[in-house]
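Here are the chains, one letter per residue:
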Amino acid sequence: MPIIPTPITIVRLSFISVLAILLIACSDKKNDLQTIDYVQLDKSLLKVEVLSDSLQVPWDMVVSNDRNLFFTEQYGAVSVINLETNQQRKILVIPEVWHKRTAGLLSLTVHPDFKQNPYVYVHYTTKTDSLIYNHLVRYTLKGDTLISPKELLKIKGFTAHNGGRLAFSNNGKLLWATGDAYNGDESQDVNFLNGKILRLNADGGIPSDNPNPKSYVWARGFRNMQGLTVTDKGYIFTSEHGDAIEDEVNLIEKDRNYGWPAIEGLHNLPQEIAFAKANHTKEPVKSWTPVIAPSGITYYGSSAIAEWKNSLLLSTLKAKSLRVLKLDEEGKAITSEEIFFDNHYGRLRDVCVDADGAVYISTSNKDWKPQVGFPLAGDDKILKISLTDKALKKPLLGSKVSALADTKDKAIDAAQLYQNYCVSCHQADGKGVKGIFPALAGSNLVNGSSSNLVKALLKGINRAENPQKMPGFAFLKDDELAAVMNYIRQSWGNQAAKVTEKEIKQNR
Ligand code: HEC
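- As recorded in an unreviewed UniProt entry, the protein chain goes by C-type cytochrome and comes from Pedobacter aquae.

### Observations concerning the pattern of salt bridges
Stage number 1. Inspection of the entire model under this criterion finds 21 salt bridges.
Stage number 2. In this structure, the salt-bridge partner of Lys 332 is Glu 330, at a minimum N-O distance of 4.0 Å.
Stage number 3. The exposure class of Lys 332 is partly exposed, given its relative accessible area of 28%.
Stage number 4. Since its relative accessible area comes to 45%, Glu 330 is described here as partly exposed.
Stage number 5. Beyond isolated ion pairs, a larger network of salt bridges with shared partners links Asp 60, Arg 165 and Asp 350.

### Brief notes about the packing of aromatic side chains
Stage number 1. With the rule as written, the count across this model stands at 15 aromatic pairs.
Stage number 2. Ring geometry for Phe 158 and Tyr 182: centres 5.1 Å apart, planes at 15°, overall stacked. With Phe 158 in the loop between strand 10 (145–156) and strand 11 (165–168) and Tyr 182 in the loop between strand 12 (174–177) and helix 2 (184–188), the pair connects residues that are 24 residues apart, well separated along the chain. Neither Phe 158 nor Tyr 182 differs from the other in exposure class; each is buried.
Stage number 3. Each member of the aromatic cluster is reached from another via a ring pair, and the members are Tyr 300, Trp 308, Phe 340, Phe 341 and Tyr 345.

### Overview of the sheet that holds strand 11
Stage number 1. On the basis of which strands lie adjacent, the open sheet formed by four strands has the order 11-12-13-14 and antiparallel pairing. Of all strands in the sheet, those bounded by a partner on one side alone are strand 11 and strand 14 (217–220). Ignoring strand direction, the axes of neighbouring strands in this sheet form an average angle of 20°.
Stage number 2. Across four bridges, the pairing between strand 12 and strand 13 (residues 196–200) is antiparallel. Directly across from Leu 174, in strand 13, lies its bridge partner Leu 200.

### A word on the coordination of the iron atom of the ligand
Stage number 1. The iron atom of the ligand binds to the protein through His 426 (NE2) and Met 470 (SD); the donor distances cover 2.0 to 2.1 Å.
Stage number 2. For the iron atom of the ligand, the six donor atoms in the first shell make angles of 89 to 180° at the metal, so the coordination geometry reads as octahedral. Within this pair, whereas His 426 is found in helix 5 (residues 423–426), its partner Met 470 is found in the loop between helix 7 (450–459) and helix 8 (478–489), the two being separated by 44 residues in sequence.

### With respect to the site of the ligand
Stage number 1. Cys 422, Cys 425, His 426, Ser 443 and Met 470 are the nearest of the 22 residues found near the ligand.
Stage number 2. Interatomic distance of 2.7 Å between a side-chain N/O atom of Arg 463 and an oxygen atom of the ligand.
Stage number 3. In the environment of the ligand, an oxygen atom lies 3.3 Å from a nitrogen or oxygen atom belonging to the backbone of Gln 468.
Stage number 4. Mapped onto the shell around the ligand, the elements with two or more residues apiece are helix 5, helix 6 (444–447) and helix 7.

### Observations concerning the domain arrangement of the protein chain
Stage number 1. For the protein chain, the assigned domains read domain 1 (34–401) and domain 2 (414–507).
Stage number 2. Taken together, the 14 residues of domain 1 in the interface contact 16 residues of domain 2.
Stage number 3. Together, the buried faces of domain 1 and domain 2 total about 1200 Å²; carbon and sulfur atoms form 60% of this surface.
Stage number 4. The interface formed by domain 1 and domain 2 holds zero salt bridges in total.
Stage number 5. Viewed at the interface, domain 2 and domain 1 are joined by six residue pairs in polar contact (both at pLDDT 80 or more).
Stage number 6. Here the residues of the side of domain 1 that touches domain 2 sort into eight nonpolar, two polar and four charged.

### Here we look at the nonpolar core
Stage number 1. Counting residues in hydrophobic clusters, the biggest one holds 24 residues, and the most contacted among them are Tyr 418, Tyr 421, Leu 457, Phe 473, Leu 481, Met 485 and Ile 504.
Stage number 2. Of all the elements in the fold, those that place two or more residues in this core are helix 4 (414–421), helix 7 and helix 8.
Stage number 3. Setting aside its immediate chain neighbours within four residues, Leu 481 contacts Leu 457, Leu 458, Phe 473, Leu 476, Ile 504 and Arg 508.
Stage number 4. In this structure, Val 48, Ile 305, Phe 341 and Tyr 345 belong to the second largest nonpolar core, which totals 21 residues.

What counts and how
- Residues numbered from 1 in each chain as written.
- Predicted model: local features only at pLDDT ≥ 70, side-chain atom pairs only at ≥ 80, totals over all residues.
- Heavy atoms only, no water.
- Salt bridge = Lys/Arg side-chain N within 4 Å of Asp/Glu carboxyl O.
- Buried < 20%, exposed > 50% of the residue type's maximum accessible area, 1.4 Å probe, protein only.
- Phe/Tyr/Trp six-rings, centres within 6.5 Å; stacked < 30°, edge-to-face > 60°.
- Helix = DSSP H or I, 4+ residues; strand = E, 2+ residues; numbered from the N terminus.
- Pairing = 2+ DSSP bridges.
- Axes fitted to C-alpha atoms, helices over the stretch in contact; angles between N-to-C directions.
- Donors = N, O, S within 2.8 Å, 3.2 Å for Na, K, Ca; no water.
- Tetrahedral: all angles 85-135°; square planar, octahedral: opposite > 155°, others 65-115°.
- Near = heavy atom within 4 Å.
- Polar contact = N/O pair within 3.5 Å; in protein donor to acceptor, adjacent residues only side chain to side chain.
- Domains from an automatic or database assignment.
- Contact = heavy atoms within 4.5 Å.
- Buried area = accessible area lost by both parts, 1.4 Å probe.
- Nonpolar A, V, L, I, M, F, W, Y, C, P; charged D, E, K, R; others polar.
- Core = buried A, V, L, I, M, F, W, Y, C linked by side-chain atoms within 4.5 Å.

In structure tokens:
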């Protein structure tokens, strides 16, 4: 029977079509962004705008060659922001993602020719019974959704040290920086895929020019890489977390060994030098002690922000800042370091650049290590940094790190030592991180016999009941160790007698 429209259905239909037209019109409109800060460089003036907010740990970002910014959130979502309109939409939630500490949906990248090959590659952690894995999966973007998942690789995982980042090399190979999954010995062994730079064809196959044409391994000896980038000249750089000291930036070369766990950071101790000679290792191009917890790294080759051209941009977690590491002309060595947004937006997880030279940073203030004073309202955010002509409030400034910064002759500052070497695990309030890093406030070991504490700090702590180990601090001098021990013995309500330098010397 034909449906004869009544006056009411006509009114309804026309209302719906007006609504539809309005919606279509809205979706083409460019969303204006809120400017929250300005930054003054030598000449360029920059503005910082909020591209996205109220996110849950945006872990990785990448801009495709059709002007879309794709990003992951650690709990398992992939979203995309159209950089022409600033409109955002969620295109995938992966229910099997296991999200804990630094496991979850971590890295992503897109095919270099995304218009022709709309592939999005993601890396995430799962847990079934007690088995933890990291998966590398390729999706295809169709309309507004990621479809047809194809698993390219599956390797061991852990609650931490899963790495990882993905990037394409200049000749179209997919690189995956994997973590050691808390088993350092396997990062030396080419039969395991953890603690490596892996190199794959875009379809998941093994490239015939890999060091071993039957293996994905391109380079070995890594602990926990959190950043990976390829420069315009094709050089591959990574950022990596050291244990208690020596965070690194490395220049990745084919078939080289980067030393972990035999070597940490610079190859400067006698046993490290011996291992380096025997194993064709490569030293980091830069290392940081005290640690800064470097996360995302990206090459800046654009002329838009002239002062930053030919540098590596590095986001940091513990140091809560963006670092600009200038490269030399050849593009293989770091010549200077400048710090921006020091403590201003909190922990930063990633950084990326678009085709116009705008820079994007993501905050990580809702991750497993909440800091005093954070999250800020509207966290987590993706911020856009680009050129502007006029500042409507006082601009922020960067600070250059002096190459000659020397702590040798400075008076010992116990609180600063704690800040430099202990706070990243035991936290500023001495309460640690529940179930992972024990509290020092009220601790029996801290308040008990001084000789037990001295021994533990020199050698490190590795108790069977705790899967986490604490590294030793024998590299600190006697007076520094005494100062930091007395600091923890007399803070947060602890009230134990002082440890002397002599006691430390006797226990070495
Ligand atoms: C990389 C993380 C990390 C850093 C940095 C670190 N610790 Fe620890 N610490 C741990 C872990 C993990 C344990 C527990 C190890 C275990 O039980 O096997 C621990 C345990 C301890 C304990 C024993 C607490 C108790 O009651 O069980 C003391 C004391 C301690 N750390 C002091 C320090 C001091 C002082 C510093 C800085 C000089 C420091 N730690 C730096 C991870 C860290």
